[in-house]
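Chains, contacts and geometry: an overview
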Amino acid sequence: MFMMAQISILSIASEFSFMGDGMWQLFLQSLQNITFAHRDGRQDHLAAHLVATVMTLPNGTADNCTHVSQPYGARCVPITCPMFTHENYGYKSPPFYALSFAKTLTILDALTLGLDVFFLDADQVFFRNPLPYFMARPHIDIMVSGDCQKRDDTVPQDRFPPIGSNIGVLYLRARPIVTRAITNWLAWLVNLALSNRPSLDQSTFNEAINWMAIDLGAKTLSVAMLLGETFSYWCMGQCGCDTTGVQFGERGRSHMRGPDGMCPVATVREWVSFHVPCDGDMNQKARTMRELLAMYQRLVGPVHSLSSPMATAT
């Protein structure tokens with residue numbers, strides 16, 4: 001937790017996350033690479049401030065997560081449900097839909113404690129410290145990753161642009177109105193499930209938040225969708241997002257990789273993180289995450305080398 005802004009870094013994980021080719025460990029390693037200094041000179045890193053909610057069976061524990069995460073300083077807490085087995089959840093299976101409830105409840109736990117929430121899906125890697133990016137936008141209450149489009153994420157808005165949000169990266173200010181908005185999002189998910197029309201978190205997020213933000217106005221509840229060039233993800237294409245020469249509001253494009261398997265250097269230099277939600281199972285995601293880290297280090301340099309300065313933590 002960062003005392004300067006009372007930030008809680010959160011994620012969720014299934015028991016299957018700790019098996020196989022090490023996707024969870026790659027996620028933690030990328031956060032461990034993002035270092036910062038305390039006022040007394042102590043060195044620290046982002047992974048040591050992550051709290052993971054582990055989806056497990058009733059009477060289950062977070063022991064598997066703790067065993068894998070402890071070397072990185074991350075902490076684990078359980079959330080239990082009979083459908084949270086150790087198997088890999090199939091797309092749109094009952095436990096896959098239940099991920100949405102685990103995510104919203106995890107976020108609400110922190111918001112109701114008065115903490116800003118920086119929520120991350122675990123199938124992504126970081127190349128630069130993301131926190132200065134959010135701290136440079138103090139007047140925006142809710143920021144979320146979204147599809148490739150030319151847009152501005154520095155001005156508070158009363159609605160998200162009419163394009164899909166990914167919500168693999170989500171930053172929420174600790175304000176009562178934000179807590180109310182996330183409670184509203186949870187209510188949408190519950191009502192859809194009760195009417196036998198279950199939906200996923202990313203499919204409902206924009207509409208649920210916009211429903212409040214448009215009515216209240218940006219001075220009361222402000223939102224922004226993060227730049228796709230900066231917070232990229234695999235569904236955009238293997239090289240993420242490029243909006244060079246694109247008119248405001250229009251969709252961007254993704255470059256094909258070159259014969260050497262590399263993305264354009266200018267594109268890679270923009271990345272703060274790269275999320276791989278559309279890339280097969282967790283083992284395949286782990287392979288892609290390793291490729292992206294290797295590409296960044298080859299084309300740009302060491303991870304964290306382009307990070308913006310962060311205000312010293314207490």
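See the structure printed just above.
Being a predicted model, the structure only gives us computed values, none of them experimental. (Residues numbered from 1 in each chain as written. Predicted model: local features only at pLDDT ≥ 70, side-chain atom pairs only at ≥ 80, totals over all residues. Heavy atoms only, no water.)

1. Topic: the overall build of the protein
Scanning the protein from N- to C-terminus turns up eight helices and twelve strands. Judged by the C-alpha coordinates and their principal axes, the protein covers about 50 × 45 × 45 Å. Among the 314 residues that make up the protein, the fraction classed as buried is 55%. Contacts in the protein between residues far apart in sequence, at least 24 positions, make up 74% of those at least 6 positions apart. Of the roughly 13,400 Å² that the protein leaves accessible, carbon and sulfur atoms contribute 54%. Of the side-chain charges in the protein, 23 are positive and 26 negative, and the distance between the mean point of each set is 4 Å. (Helix = DSSP H or I, 4+ residues; strand = E, 2+ residues; numbered from the N terminus. Buried < 20%, exposed > 50% of the residue type's maximum accessible area, 1.4 Å probe, protein only. Contact = heavy atoms within 4.5 Å. Areas by Shrake-Rupley, 256 points an atom, 1.4 Å probe, with all protein chains shown as cover. Lys, Arg positive; Asp, Glu negative; His and termini not counted. Charge placed at Lys NZ, Arg CZ, Asp CG, Glu CD.)

2. Regarding the pairing of strand β6 (residues 116-120)
Along a regular strand, successive side chains alternate from one face of the sheet to the other. By the criterion of burial, β6 is predominantly enclosed, with five of the five residues buried. Residues Asp 116, Phe 118 and Leu 120 line one face of β6 and the alternating positions Val 117 and Phe 119 line the opposite face, and both faces are buried. Here strand β1 (residues 7-14) pairs with β6 via four bridges, running parallel. Residue pairing in the sheet places Leu 10 in a bridge with Phe 119 of β6. For β6 and strand β9 (residues 165-172), the ladder comprises four bridges, and the chain directions are antiparallel. (Pairing = 2+ DSSP bridges.)

3. As for the state of the cysteines
Throughout the structure, instances matching the rule amount to four disulfides. Note that Cys 148 is cross-linked by a disulfide to Cys 241, the S-S spacing being 2.1 Å. With the S-S bond torsion at 75°, the cross-link from Cys 148 to Cys 241 turns out right-handed. Placement of Cys 148 in the loop between β8 (142-146) and β9 and of Cys 241 in the loop between β11 (231-233) and α7 (265-269) is noted, with a sequence separation of 93 residues between them. For Cys 148, a relative accessible area of 7% gives the class buried. Put simply, Cys 239 and Cys 263 are joined by a disulfide, and their sulfur atoms are 2.1 Å apart. Of note, the bridge from Cys 239 to Cys 263 carries an S-S torsion of about -90° and is left-handed in sense. One end of the pair, Cys 239, is in the loop between β11 and α7; the other, Cys 263, is in the loop between β11 and α7, with 24 residues separating them in the sequence. Of the two residues examined, Cys 239 and Cys 263, each falls in the buried class. Taken in sequence order, the bonded cysteines of the protein link in the pattern 1-2, 3-6, 4-8, 5-7. Free cysteine Cys 81: the closest other cysteine sulfur is in Cys 65, separated by 18 Å. (Disulfide = S-S within 2.5 Å.)

4. So, the layout of surface pockets
By volume, the largest pocket is sized at about 760 Å³. Lining the largest pocket are 31 residues, with Phe 96, Leu 99, Asp 121, Asp 123 and Lys 285 sitting closest to its centre. Counting only elements with at least two residues in the lining of the largest pocket, the list comes to β1, α3 (94-111), β9, α6 (201-216) and α8 (282-299). If one sorts the elements of the lining of the largest pocket by residue count, α3 sits on top with four residues. Looking at the lining of the largest pocket residue by residue, the classes come out as 16 nonpolar, nine polar and six charged. (1 Å grid on protein atoms, 1.4 Å probe; cavity = no way out; pocket = protein on both sides within 12 Å on 5 of 7 lines; lining within 4 Å. Points joined across faces, edges and corners; volume = space filled by probe spheres on them. Nonpolar A, V, L, I, M, F, W, Y, C, P; charged D, E, K, R; others polar.)

5. Structural notes on the sheet that holds β8
In spatial order, the strands read β5-β4-β1-β6-β9-β8-β10; together these seven strands make up an open sheet with mixed pairing. Two strands lie at the open edges of the sheet, namely β5 (75-80) and β10 (223-225), each paired on one side alone. Direction aside, neighbouring strands of the sheet carry axes that sit 25° apart on average. Relative to β9, β8 is paired through four bridges, and the arrangement is antiparallel. Residue Gly 146 lies in a different strand from β9, and its bridge partner there is Ser 165. Strands in contact with α6 are β8, β9 and β10; relative to β9, the strand with the most contacts, it is inclined by about 50°. (Axes fitted to C-alpha atoms, helices over the stretch in contact; angles between N-to-C directions.)

6. As for unusual backbone geometry
Here Lys 92, not a glycine, exhibits a phi torsion of approximately 65°, which is positive. You can see Lys 92 is positioned in the loop between β5 and α3. Overall, the relative accessible area of 43% leaves Lys 92 in the partly exposed class. With phi around 60°, Asn 196 is a residue other than glycine that occupies positive phi space. With respect to the helices and strands, the residue Asn 196 is situated in the loop between α5 (176-194) and α6. We classify Asn 196 as exposed; its relative accessible area is 69%.

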